Every structure is written in C-alpha cells, then in structure tokens.
Amino acid sequence: MSIFKRAFLYVARKRGKTILLFAILLIMATFVLTGLSIWKASEAAQLDLRQSLGGKFDVFVDWSNSPYVVKEPVKEVVDEETGKTSSSFLMYSAVQFTPENIAAIKGVSGVKYCGARQDNLLPFDGLSLFPGTISTDAKYQGYTKTLGVCSTEDDELFTTGTLTLAEGRHIAADDTHAAIISQDAAERNELKIGDYLTAHSYSVEDQGFTGQEIKVQIIGLFTPHAVEQFGETVATYDKIQNRVFVDLQTSKEIDGGEINYGFSALHVAIDDPQDMARVVADVKALPGIDWQAFTVEMDNETYENAAAPLAALNELVVTLLVVIVVVSAIILALILTLWTKSRIHEIGVFLSVGIRKPAIIGQYLIEALLISVLAFGLSYFTSNAVAGQIGNHLLEQSIQTEPEDGNDIVAAAAAVDVGADNLIQKPLPTENGIQVSVGLDNLAQLCLIGLAIIFVAVSASSITVMRLKPREILSKMS
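Because the structure is predicted, anything quoted here is derived from the model rather than measured.

1. Points about the confidence of the model for the chain
In this model, the chain carries an average pLDDT of 78, and 77% of its residues clear a pLDDT of 70 or more. Within the chain, strand 8 (residues 178–182) carries the highest mean pLDDT (95), whereas helix 11 (residues 404–410) carries the lowest (42). Ignoring residues within four places in sequence, the model shows residues 426–430, a span with pLDDT below 50, making 17 contacts including any to other chains.

As structure tokens, then:
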C-alpha cells in the first residue's frame, strides 16, 4: 500500500482527530492570512501616503555664512526731529541659482519638480485690483505680488492644481516680457491674451518703481482652484486673483539691475519622502553649484507624522505574525507529539513489515497536509470576513497612541488657503481607514508559512518516538 493511500485512509478513519486538527489549522491559517493581508494593506497605504504627500526641501542662500553675500549702503536719511542719521542697505548674493542649475536638479532621480521664483511687490499702470479684506499701508495699495519664474508649468502653484491655466500658454524659459494673470483680473480690466501691462523698474535713488518703463504681454490666463472664504484675512497684494507671473528676464529688469540675475531660493519636491536623504545627497553632488553659498532645509515632518500610525500598525502586525506562527508551531507540535505517542503500536507494526522511519514520518506529514489543504482554502473566506474590521481597529489603536498634532495630520481633508502660498492638500489615504482584502498572493504566502509550520511540527513530534529502536518500541507496546 502506498504512503499516500495509508495517509488518506488514516485521515478518513480517525474523524475526531481529523476534525480537531482541521479546526486548529483553520484558526491558525485565518490569523496568519489576516495578518498578511493587513500587512499588505498597510504597505499599500504607506505607498499611497508617500505618493500623496511627497516630500520637499528648500535650497536657499545662506545669508549668515555665505562668503558671497554683499551688503551695500543705499541711502542715508536724517530724521528732522532728532537729527539722527539712519542708513539703508541693499543685501544680495553674488552667487545665485541659474536656470541651468534648476534644469540639472530636475534631472536628479526622484525629483518631481523644482521651482524658483523672484517675488516683487510692484504696481502696474492702470491695473484695477481686487480689494483685500485687511487694510494695507497707503504706499502698497496699488501693489500686487509679481512672481518671476523660469517656467509657470513647473511652478508649484500649477503643479499642485492650486492654479490652472485656463487660456493661452505657460511662460517658458526662453520667454521675455511675457505675463500670465488671472482670468478674473482680465475680465475686471477688460484685458485679453495679447494685450500689454505696463510697469517700471526699481529706482534705487527714489526707492520705488519709478525707473524705466517695462511692457509685458499677456500670454495666458489662470483660474484659481478656490478663493478666500468669507471672514478670511488677506491683503490686496496677496489675493490670488491679483497675482501676476512674469518671465525671469522681466523680473531682472524690474529689479533695476543685474543684482538678481538668478534665484536666491529653490523649492524642490520629490516623489517619495523615504528617498529624501538620497535625493539631497545627489543634488549636493551636482557640478556647477557652489555649496558655500547655499544651505538646504528639509521638510519631512508632515509625512513622518502622517506615516507614524501606519508604521506603528506595520510593527504591530509583524509582531503578531511572528507570535502567531511560533505559537501555532508549538501547539501543533504538542498535539502531534501526543498523537504520535498514541500510535506506537502502529509504528511498531510498520517497522516490523520493513517500512522505514522516513516513510512513516512522510505519512504523518501527508496526513497533516491533506487536512491543511481544506483548512487553508476555507481560511480565505474566514479571513476576508474579519480582516477589514481587525485592520481598521488596529489602525485606530495606533492613531490613538500618536500625538494630537499627528492625529490632525492624519485626519486632514482637502483644503486650500488662497490668501498665502499654501497649496492644495489631498485627503490622506488613512482618513477613511485602510482597505484590507485577502488576495491570492496572500494565500500563496500562507501556504508557504503553513507548510513550514507543519513540517517543523511533524518533525518535532516524531523525534521522541522515531529515535527509539524497534526493540524499545515493542517493549513499550507490551
């Protein structure tokens, strides 16, 4: 009789033992498969979280330590009442980021985009602005924020969807005297694509925009994702509808000289926050950038706070999996050991008819595997029924152990602060829990883990009897 037939007949004959072993294997498989599916869901949620939040770091002129920072006196003013003299200074860096530097950083693996701006507050002749909700100094009532960029298509306000190009085209790196304004401002001022706005360069002597006349052509119109809500405070020059984007060459002319020929700060966004250290190292290794002039400030706090509950869940699930596997192996080994000792007579008979010990152990292994096939198959359905509830309960417990500000981040909903430069935030993947489902890959992993547990348990349970000699077995039988 073959080993497989003997195993099948034993399993069919010993129904009580078969049912008990089936129940043990089903419970073990359900817990293991549930843990594996939660683990997979947690890993997927962490990946979604990293893709949703991304990472970012800023590179800017080190105004305190850079040897290239220049401070020049501009004008001395005498106070008529006190007679005291006060001096104003112009401070700038002789080394700045160029469009070529930006292009090189964009080429680094893992960089999503690299944006840079030259911010100016200046008036445009005859441009009617949307009034803000707070009063400003009379000097700046007709001023608006003008952003000098290499390319609006790569600017963070557009890449995140805070602003959308509605008509025309983006400002490109080779554009000169080009501008993009809001569709609302165009309607308010009866402007269209192809029309011109007029500004003046900055005059050091007058300390104002009274210098050379500069005309820029409107090549595109943008629409904001949202405007400020009732009750929010925003200055006129900071309202999203009043923003004006211009090309870098125009921004240099507005400054009234070659002092700001490039950018003193860059904003870099990366695909995966886990790659932050590697990406920063790669950027610092780029040729053509003098790092004596610049410093890097990494901002990974949002991701780390939001990912903390998922990381805690991951550690908890791994720990539970290890405990479940070890305990299952021990329990299974103990039960099989007791059953093996009760089969000493059977072992003696097998040995007496010439069946070798490895064949006897193989029969025990096949018996367990026949039962495990049914148990593992049924565990697919039992795990699907409980995995989601258990996974989200464990996630809730992990969130409750985090600081309150971490909870606020995890529960963050989509929001836009249009009164400043804050960007659209997407709902985080953990906001509505994690989506747990048992897949075929989990079932395959269960089979491998279950096979290892059964092999270890059967081997351990057979050691005490199989090391006995036939004469010792016969003496025990008598």
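Let us keep going from here.
2. What to know about the pattern of salt bridges
If you walk through the whole model with that rule in mind, you get eight salt bridges. One salt bridge connects Asp-175 with Arg-169, and the closest N-O pair in it is separated by 2.9 Å. Residue Asp-175 is classed as buried on the basis of its relative accessible area, which comes to 13%.

3. As for the packing of aromatic side chains
Within this structure, the stated rule accounts for six aromatic pairs. Measuring from centroid to centroid gives 3.9 Å for Phe-97 and Phe-294, while their planes differ by 20°, and the two rings are stacked. Taken together, the residues span a long stretch of sequence, with Phe-97 in the loop between strand 3 (85–93) and helix 3 (99–106) and Phe-294 in strand 13 (residues 294–299) at a distance of 197 residues. Ring plane angle 90° and centroid distance 6.3 Å describe the contact between Phe-158 and Phe-222, whose orientation is recorded as edge-to-face. Taken as a pair, Phe-158 in helix 4 (residues 156–159) and Phe-222 in strand 10 (residues 213–224) lie far apart in primary sequence, 64 residues in all.

4. As for helix 6 (residues 248–255)
Residues of helix 6 that are buried include every one of Leu-248, Thr-250, Ser-251, Lys-252 and Ile-254, and no others. For helix 6, the elements touching its buried residues are helix 3, strand 5 (118–123), strand 6 (143–149), strand 8, strand 10 and strand 11 (244–247). In this structure Asp-247 caps helix 6, since a side-chain oxygen of it lies 3.2 Å from the backbone nitrogen of Gln-249.

5. Let's talk about the environment of Ser-372
Note on placement: Ser-372 falls in helix 10 (residues 357–400). Sequence separation between Ser-372 and Ala-29 is 343 residues, and the spatial gap between their C-alpha atoms is 8.8 Å. Beyond its immediate sequence surroundings of up to four residues, Ser-372 is in contact with Leu-25 and Ile-454.

6. Remarks on the nonpolar core
Membership of the largest hydrophobic core comes to 37 residues, with the highest contact counts inside it found for Leu-25, Val-32, Leu-332, Phe-376, Leu-446 and Ile-454. Elements that contribute at least two residues to this core include exactly helix 2 (15–53), helix 8 (301–341), helix 9 (344–352), helix 10 and helix 12 (440–466). When near neighbours in sequence (up to four residues on either side) are disregarded, Val-32 contacts Leu-321, Ile-324, Val-325, Leu-446 and Ile-449. Ranked by size, the runner-up nonpolar core spans 25 residues in total, among them Phe-57, Val-111, Val-279 and Val-283.

7. Quick notes on the state of the cysteines
Under the definition given, this model contains zero disulfides. Summary of cysteine pairing: Cys-114 is not part of a disulfide, and the nearest cysteine sulfur, belonging to Cys-150, is at 8.9 Å. Classification of Cys-114 by relative accessible area gives buried; the value is 2%.

8. Comments concerning the sheet that holds strand 4 (residues 111–116)
Sheet architecture is open: four strands sit in the order 4-12-1-13, paired in antiparallel fashion. In this open sheet, the two edge strands, each paired with only one partner strand, are strand 4 and strand 13. Taken pair by pair, the neighbouring strands of this sheet meet at an average axis angle of 20°, ignoring direction. By the bridge criterion, six bridges tie strand 1 (residues 55–61) to strand 12 (residues 265–270) in an arrangement that is antiparallel.

9. Quick word on a nonpolar patch on the surface
Together, Trp-39, Val-318, Val-322, Val-326, Ile-330 and Leu-334 give the surface a local cluster of nonpolar side chains, amounting to about 510 Å² of exposed area. Top contributing element to the nonpolar patch by residue count: helix 8, with five residues. Inspection of the secondary structure puts Val-318 in helix 8. By relative accessible area, Val-318 is classed as partly exposed at 33%.

10. Observations regarding the side chain of Ser-151
Summarising the element assignment, Ser-151 is placed in the loop between strand 6 and helix 4. For Ser-151, a relative accessible area of 16% puts it in the buried group. Separated by 3.3 Å, the side chain of Ser-151 and the backbone nitrogen of Glu-153 make a polar contact.

11. Re helix 1 (residues 3–13)
Those residues of helix 1 not exposed but buried are Arg-6, Ala-7, Tyr-10 and Val-11. Buried residues in helix 1, looked at end-on, bunch into an arc of 130°, giving them a common side. Residues Phe-4, Phe-8 and Arg-13 are exposed on helix 1 and point more than 90 degrees away from its buried face.

12. Observations concerning the side chain of Thr-18
By secondary structure assignment, the location of Thr-18 is in helix 2. Apart from the residues lying within four places of it in its own chain, the contact partners of Thr-18 are Val-11 and Ile-371.

13. Examining the environment of Glu-167
With respect to the element layout, Glu-167 can be found in strand 7 (residues 163–168). What makes Glu-167 partly exposed here is its relative accessible area of 37%. Considered as a pair, Glu-167 and Lys-192 are 25 residues apart in the sequence and their alpha carbons are 9.6 Å apart. Contact partners of Glu-167, with chain neighbours within four places excluded, come to Gln-183, Ile-193, Ile-219, Gly-220 and Leu-221. Looking at Glu-167, its side chain comes within polar contact range of the side chain of Gln-183, at 2.9 Å.

Cut-offs and rules
Numbering of residues starts from 1 in each chain and follows the order in which that chain's sequence is written. Owing to the predicted nature of the model, reporting of local features is limited to residues with pLDDT of at least 70; listing and counting of side-chain atom pairs is limited to 80 or more, with chain, interface and lining totals taken over all residues. Computation of side-chain values covers all heavy atoms of the structure but excludes hydrogens and water. What pLDDT expresses is the predictor's confidence in each residue, scored from 0 to 100. Helix numbering and strand numbering both begin at the N terminus, where a helix is a DSSP run of H or I of at least 4 residues and a strand a DSSP run of E of at least 2. Note on contacts: a residue pair is in contact if any heavy atoms of the two residues lie within 4.5 Å. Salt bridges are defined by distance alone: a side-chain nitrogen of Lys or Arg within 4 Å of a carboxyl oxygen of Asp or Glu. Note on exposure labels: buried denotes an accessible area under 20% of the residue type's maximum, exposed denotes more than 50%, and partly exposed covers the range between, all computed with a 1.4 Å probe on protein chains only. A pair of aromatic rings is counted whenever rings of Phe, Tyr or Trp (Trp by its six-membered ring) have centres within 6.5 Å, and the orientation is called stacked for planes under 30 degrees apart, edge-to-face for over 60 and tilted otherwise. Residues adjacent in sequence count toward polar contacts only when both atoms are side-chain atoms; beyond that, a polar contact is any pair of N or O atoms within 3.5 Å, and within protein one must be able to donate a hydrogen and the other to accept it. Side-chain atoms within 4.5 Å are what join buried Ala, Val, Leu, Ile, Met, Phe, Trp, Tyr and Cys residues into a set we call a nonpolar core. By disulfide we mean two sulfur atoms from cysteines, separated by a distance within 2.5 Å. Pairing between strands requires that DSSP locate at least two bridges from one strand to the other. Axis definition: a line fitted to C-alpha atoms, over the contacting stretch in the case of helices. Angles run 0 to 180 degrees between N-to-C directions. Residues enter patches when their relative accessible area tops 30% and they take part in no salt bridge; the joining distance is 9 Å for like charges and 5 Å for the nonpolar side chains Val, Leu, Ile, Met, Phe, Trp and Tyr. Computed with a 1.4 Å probe, the accessible areas rest on the Shrake-Rupley method; for each residue, only the protein chains presented here act as cover. Here the arc refers to the directions that run from the helix axis out to each C-beta atom.

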